[in-house]
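Below, each chain spelled out in residue letters.
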Amino acid sequence: MTNLDTFSMDFFHLDGKVAIVTGGNKGIGQGFAVALAKAGADLFIVTHGTEWDETKKLIEKEGRNVTFFQAELTRKESINEIVKACLDAYGKIDILVNNAGTIRRAPLLEYTEEDWNAVMDLNLNALYFLSQAVAKVMVEQKSGKIINVASMLSFQGGKFVPPYTASKHGVAGITKAFANELAVHNVQINAIAPGYIATANTAPIREDETRNKEILSRIPAERWGTPSDLMGTVVFLASRASDYMNGHIIAVDGGWLVR
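Here goes a summary of the coordinates provided. Here the structure is a predicted model, which means the values were calculated and not measured.

### What about the layout of surface pockets?
Point 1. If you add up the space inside the largest pocket, you get close to 1,500 Å³.
Point 2. Along the wall of the largest pocket there are 48 residues; nearest its centre are Gly 101, Thr 102, Ile 103, Tyr 164 and Asn 201.
Point 3. When contributions to the lining of the largest pocket are tallied by element, the ones reaching two or more residues are helix 1 (27-38), strand 2 (42-47), helix 5 (162-182), helix 6 (203-207) and helix 7 (209-218).
Point 4. The leading source of residues in the lining of the largest pocket is helix 1, at three residues.
Point 5. Across the lining of the largest pocket, the residue classes break down as 21 nonpolar, 18 polar and nine charged.

### Describing helix 3 (residues 76-90)
Point 1. Compared with the 21 Å implied by 1.5 Å per residue over 15 residues, the 22 Å span of helix 3 between its first and last C-alpha is a close match.
Point 2. Here helix 3 has its buried residues at Ser 78, Ile 79, Ile 82, Val 83, Ala 85 and Cys 86. Looking straight down helix 3, one finds that the buried residues subtend no more than 165° of arc, so they occupy a single side. Of the exposed residues in helix 3, those oriented more than 90 degrees away from the buried face are Lys 76, Asn 80, Lys 84 and Asp 88.

### A look at helix 1
Residues separated by three or four positions in an α-helix point in the same direction, a consequence of the helix having 3.6 residues per turn.
Point 1. Relative to the 16 Å expected for 12 residues at 1.5 Å per residue, helix 1 spans 17 Å between its end C-alpha atoms, a close match to the ideal helical length.
Point 2. Of all 12 residues that make up helix 1, 10 are buried, and the element is covered over most of its length.
Point 3. Ile 28, Gly 29, Gln 30, Gly 31, Phe 32, Ala 33, Val 34, Ala 35, Leu 36 and Ala 37 are the residues of helix 1 that are buried.
Point 4. Once helix 1 ends, the next one or two residues include Gly 40, with phi positive near 120°.

### Remarks on the nonpolar core
Point 1. Among the nonpolar cores identified, the biggest contains 43 residues, and Ile 20, Ile 82, Leu 130 and Val 134 are the most heavily contacted of them.
Point 2. For this core, the element with the most residues is helix 4 (residues 113-141), which contributes 11 residues.
Point 3. In this structure Val 134 touches Ile 20, Val 83, Ile 93 and Leu 96, once residues within four positions along its chain are discounted.
Point 4. Residues Ala 33, Ala 35, Val 66 and Met 245 belong to the second largest nonpolar core, which totals 32 residues.

### Notes on the sheet that holds strand 1 (residues 18-22)
Point 1. The strand order across the open sheet formed by seven strands is 3-2-1-4-5-6-7, and the pairing between neighbours is parallel. Edge strands, defined here as strands with exactly one partner in the open sheet, are strand 3 (66-70) and strand 7 (249-252). Neighbour to neighbour, the strand axes of the sheet diverge by 20° on average, direction disregarded.
Point 2. Both strand 6 (residues 187-194) and strand 7 contribute to a ladder of four bridges, which runs parallel. Bridge pairing in strand 7 places Ala 193 opposite Ala 251.
Point 3. Against the sheet, helix 4 contacts strand 1, strand 4 (95-98), strand 5 (144-149) and strand 6, and its axis sits at roughly 175° relative to strand 4.

Rules used throughout
- Residues numbered from 1 in each chain as written.
- Predicted model: local features only at pLDDT ≥ 70, side-chain atom pairs only at ≥ 80, totals over all residues.
- Heavy atoms only, no water.
- 1 Å grid on protein atoms, 1.4 Å probe; cavity = no way out; pocket = protein on both sides within 12 Å on 5 of 7 lines; lining within 4 Å.
- Points joined across faces, edges and corners; volume = space filled by probe spheres on them.
- Helix = DSSP H or I, 4+ residues; strand = E, 2+ residues; numbered from the N terminus.
- Nonpolar A, V, L, I, M, F, W, Y, C, P; charged D, E, K, R; others polar.
- Expected span 1.5 Å × (residues − 1).
- Buried < 20%, exposed > 50% of the residue type's maximum accessible area, 1.4 Å probe, protein only.
- Arc of directions from axis to C-beta.
- Core = buried A, V, L, I, M, F, W, Y, C linked by side-chain atoms within 4.5 Å.
- Contact = heavy atoms within 4.5 Å.
- Pairing = 2+ DSSP bridges.
- Axes fitted to C-alpha atoms, helices over the stretch in contact; angles between N-to-C directions.

This is the structure:
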């Protein structure tokens, strides 16, 4: 009989863990990084730009260490550089959050090859190669958590964003494929699919009165989500509490998908 006394709230603690978060200096990624810090993890944040002062203060406020690494994720050489820099800084990698992504909007019949490649390179190719490189470290350690960021468009088709939809369907598939091969090595890989979250990226949609009204009418919670709505889920997937969970896409969407 299972001893239920072995479980405690300590299962959610991340004390002594090291987490890489891509795009962790703003928006949803910043929320992920701060959540992991609040749970006890030290952070290695990969950014495209250098706007990280606010994130640095928020993490250090929690008494955690943070290293920022500027890199272009679509540049193949960056992948090994990221892994090496994190290992040099902390000696291990316990958690990877593949948050960085992009979206470009245009009608399907007008969509350019350039925009297609730009979205797919960051949202899918970079995620795959960084996950592969980090997984090699985790397999050697015999433990690790990889958390991908999927989307409502991992389940639906959307409009005016064909490569974004394709890439986020691909993220769901990669999550499941990695889980099948890594579970035996005590590495868990799952994904979070955020609903409509109020960030700078969604500001144009929220400012469109008609579109905003359409979206809110479809969300049972009757509000846009915020990065803080995702913080508990990322801590759960990064912690011991999810050790027997592998290959799942968790929607945090205010009920959007069940409407």
